[in-house]
Amino acid sequence: MSQLRKDPIVGRWTIVATERARRPAAFVDPKSTVTDQKECPYCQDTNSPSVYEAHGVKVINSNDPILDESKPFERRGHGLYDVAHSYGSHEIVVETPEHIPNMADLSSEQIKAVFQTYALRMQTHRKNPFIEYILAYKNYGVAAGSRNIGHSRSQIMAVPVLPMRVQDKISGAEKYFDYHERCLFCDIITQELKSKDRVVAQNEHFLVITPFASRFPFETWILPKHHHCDFAEGIKGYEDSLAAIMKDILLRFKIGLNDPAYNYMIQTSPVKNPSSFKDYYHWHIEVMPRLTRVAGFERGTGFYICPIPPEMTAAFLREVDIHA
Ligand SMILES: [Zn+2]
Ligand SMILES: [Zn+2]
């Protein structure tokens, strides 16, 4: 039997396999490939102009950008369709000068520098009046949408419209706040700490859980224990703690699941009117190992089928010995 579970934030239903669930070990990734360092553009091209550089982290404009800031943003109608050119900025964050593929193997100091870089770039992009949202994210491994270069890097996109998934989360959190007068994410933290079934790891300032209505096996959220809607402001004073918990969880994936492809996305509040989100939105990071493929049913319905309950994946990840 399976269970239908509703995500309390966006109201999306997931089908979670319970009794006939696959075992955690069935998801372990059998492959691990890295390109030769001699072919790595980030090792060879050390002279290309950077938009920001500090502590071994270098931010460059994507040479194959999806977005372009050179023309002004203009939205127009095309019949009933809305059209705009893909205005915005697309930057690559080269996380280390060394040819190291996985962020899990960077030092905590280096991981801290990467997250501080995201915050600084967000502060810069939000000054542009056309920008509505800034997403910092990582694609690691081919299955996660990355080219197989083997050099740890991530991306920052600044876009002139609010992405739908962000909008869904925000309106879900707002509805909950209107009714309960409390932050939904703060309540999730309290409940998960009480039950402990889905807690993977924690430190003084951050909690890592597998969400109740997980869409994917081993879907993981990193939640700051102190309430703040905005990543760039909210990490101030907590950078060391965040770097430590990121390294912890990425090592659990690498060791426990044999270096799988993964994505992470920083979910922060929109750029405009931050004070309107400050009570009910709560920044967090979603981490998704890419162990299964999204199939027709998911694409057609927006439902997800998660082949293993999050309680089982949390227990599996808790057991991984990251100090071995
Ligand atoms: Zn390299
Ligand atoms: Zn909160």
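It should be noted that the structure appears before, not after, this text.
Residues numbered from 1 in each chain as written. Chains lettered and ligands numbered in written order. Predicted model: local features only at pLDDT ≥ 70, side-chain atom pairs only at ≥ 80, totals over all residues.

Q: Just checking my understanding: could you explain the overall build of the protein chain for this structure?
A: The helix and strand tally for the protein chain stands at 8 helices and 15 strands. Over its C-alpha trace the protein chain gives a radius of gyration of 20 Å, about what one expects of a compact globule, namely 20 Å for 324 residues. With the principal axes as the frame, the protein chain shows a C-alpha extent of 55 × 50 × 45 Å. Sorting the 324 residues of the protein chain into buried and exposed places 41% on the buried side. (Helix = DSSP H or I, 4+ residues; strand = E, 2+ residues; numbered from the N terminus. Rg over C-alpha atoms; globule rule 2.2 N^0.38 Å. Buried ≥ 20, exposed ≤ 12 C-beta atoms within 10 Å, placed from the backbone.)

Q: For this particular structure, what's the right way to read the pairing of strand S6 (residues 81-84)?
A: Walk down a regular strand and you will see the side chains alternate between the two sheet faces. Bridge analysis of strand S5 (residues 75-78) against S6 gives 4 bridges, and the strand direction is antiparallel. Bridging across to S6, Gly-77 finds its partner in Asp-82. Remark: 2 residues form the turn of the hairpin made by S5 and S6, two consecutive strands paired antiparallel; Gly-79 in that turn has positive phi of roughly 65°. (Pairing = 2+ DSSP bridges.)

Q: How should the pairing of strand S10 (residues 199-202) be read in this particular structure?
A: Here 3 bridges tie S10 to strand S11 (residues 206-209), and the two strands are oriented antiparallel to one another. The partner of Ala-201 across the bridge, within S11, is Val-208. Here S10 folds back onto S11, and the loop between the two strands holds 3 residues.

Q: Could you clarify how one ought to interpret the environment of Ser-86 in this entry?
A: For Ser-86, the position within the fold is in the loop between S6 and strand S7 (89-94). Along the chain, Ser-86 and Phe-206 lie 120 residues apart, while their C-alpha atoms are 35 Å from each other.

Q: Please clarify how the nonpolar core should be interpreted in this entry.
A: Most often, soluble globular proteins have nonpolar side chains that are buried together. If you look at the biggest cluster of nonpolar residues, it comprises 77 residues, and the most contacted ones within it are Phe-115, Tyr-118, Val-208, Ile-222, Leu-223, Ile-245 and Ile-249. Excluding residues that lie within four positions of it along the chain, Leu-223 makes contacts with Phe-185, Ile-189, Phe-206, Leu-207, Ile-209 and His-284. (Core = buried A, V, L, I, M, F, W, Y, C linked by C-beta atoms within 7 Å. Contact = placed C-beta atoms within 7 Å.)

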